[in-house]
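# Per-entry structural report
Single-letter residue listing:
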Amino acid sequence: MRSFLAALLLAAVLATHATYTGTWRDTDGRLIYLCETGDNDLQGSYSEVGFIQGTVSSSGQIARGNLYQAIHPRDNCAVRDFTLDHVSDQFRGEWGCQDDDNDGVWEATRVNAATPTAVQCAILATSGDLEGRWNKQTSTDAVTGYTLDICFDDDEFNNSYEYDDPGENQGYSYGELYENRRIGVGNYEEDNGSEGWDIWALLQDGSMLSYYWDITADDEDVTSLNNAAVHGSERFNRVGTTTQMQCRRNIDLGDDDDNGIDDDDFNFTGNNSPAPPSPSGSNPNPPSPSGPHPPSPSGPHSPPPPPPSGPHSSPPPPPPPPTPAPPPPPPPPP
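In this report, we go over the structure that sits alongside the text. From a predicted model like this one, the values you see are computed outputs, not experimental measurements.

A few words now on the pairing of strand β15 (residues 208-214). The buried fraction of β15 is high, at 7 of 7 residues. Of the two faces of β15, the one lined by Met208, Ser210, Tyr212 and Asp214 and the one lined by Leu209, Tyr211 and Trp213 are each fully buried. In this structure, strand β14 (residues 195-202) lies alongside β15, joined through 7 bridges in antiparallel fashion. Each bridged residue has a counterpart across the sheet, and for Trp200 the counterpart in β15 is Ser210. Examined bridge by bridge, β15 and strand β16 (residues 231-240) share 6 bridges and lie antiparallel to one another. Paired with Leu209 across the bridge in β16 is Arg235.

The following block contains the structure:
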């Protein structure tokens, strides 16, 4: 009888953990929110870096899918495939870039078995897409209520926005669409010199969730996850339809970039260090009070650096020679 009860207890424990749902921490210390939804779907987010979309096997052990990542400076890889295998409160798996041969190992431990919120897991809508006019949800953040317009061109998107006063602090974002146009991954540029990467998702409640990262951020530096100066998240409500004219009103920002990023030649380039980033977990941080995207310290509109003054600086030019004195007047005639 006791062995039978023990077997039932063990089965109950295993059943409790035979799911990916919960909050996980990977070996780099990043948090990952995962939710299993209907039809064995797996959805989640990690570190305000990106979104997880996949499926789980009937046994609940193997998960496969895609990682859509906002910050991607090291390996030019915005979309990654993954395969995970979990037993109890551990998972281990591999990821690989869809565009090249970069890959890596992904391991994590579950730290909370409670189901995260739909926003934490970035659960996507089952219909509709990102196109339209959107208004930022008000919050404790100093920037409230600004509007942006998103339009599509086949499998790409572009959007224009202003925040603070109308016509000031203009921005332009452009990139590629995934998941039936419910996820967009791209670049942003602003007239204050800020530039970086962003990602957009249409959530099941009809709102839009965005993560953004400044181009100066290092995705392998875990301390960046707690630095609101280099990344943040925002929510938007749809307020209507839009036009290509509205969506492209700030296109000149995307065409004027000293890093070679052009909205007509979309790419994910940035800091091309050879080491690939590892997927990471979710860490909510408020946006910078200076606006939706903090200005880059070295953006295209930054002031020029001061002239060099160190020991190896060029010597200053010599002073001009003195003006010669005029000749004396001629002597008077005798």
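What follows is about the sheet that holds strand β1 (residues 22-26). The strand order β1-β2-β3-β4-β5-β6-β7-β8 describes a closed barrel built from 8 strands, whose pairing is antiparallel. The mean angle between the axes of side-by-side strands here comes to 30°, regardless of whether they run parallel or antiparallel. Bridge count between strand β7 (residues 90-97) and strand β8 (residues 103-112): 7 bridges; the pairing is antiparallel. If you follow Glu94 over to β8, its bridge partner there is Val105.

With the rule as written, the count across this model stands at 2 disulfides. The residue that forms a disulfide with Cys35 is Cys121, at a sulfur-sulfur distance of 2.1 Å. Measuring handedness by torsion sign, the sulfur bridge of Cys35 and Cys121 sits at about 75° and is right-handed. With Cys35 in strand β2 (residues 31-37) and Cys121 in the loop between β8 and β9 (132-136), this residue pair connects regions lying 86 residues apart in the sequence. Overall, the relative accessible area of 3% leaves Cys35 in the buried class.

Turning to its location among the elements, His231 is positioned in strand β16. Side-chain polar atoms of His231 contact the side chain of Glu48, separated by 2.9 Å.

Time to look at the environment of Val49. With respect to the element layout, Val49 can be found in the loop between β3 (41-46) and β4 (50-56). The class for Val49 is buried, based on a relative accessible area of 4%. Separated by 164 residues in sequence, Val49 and Trp213 place their C-alpha atoms 8.0 Å apart.

What counts, and where the lines are drawn
Residues numbered from 1 in each chain as written. Predicted model: local features only at pLDDT ≥ 70, side-chain atom pairs only at ≥ 80, totals over all residues. Heavy atoms only, no water. Buried < 20%, exposed > 50% of the residue type's maximum accessible area, 1.4 Å probe, protein only. Helix = DSSP H or I, 4+ residues; strand = E, 2+ residues; numbered from the N terminus. Pairing = 2+ DSSP bridges. Axes fitted to C-alpha atoms, helices over the stretch in contact; angles between N-to-C directions. Disulfide = S-S within 2.5 Å. Polar contact = N/O pair within 3.5 Å; in protein donor to acceptor, adjacent residues only side chain to side chain.

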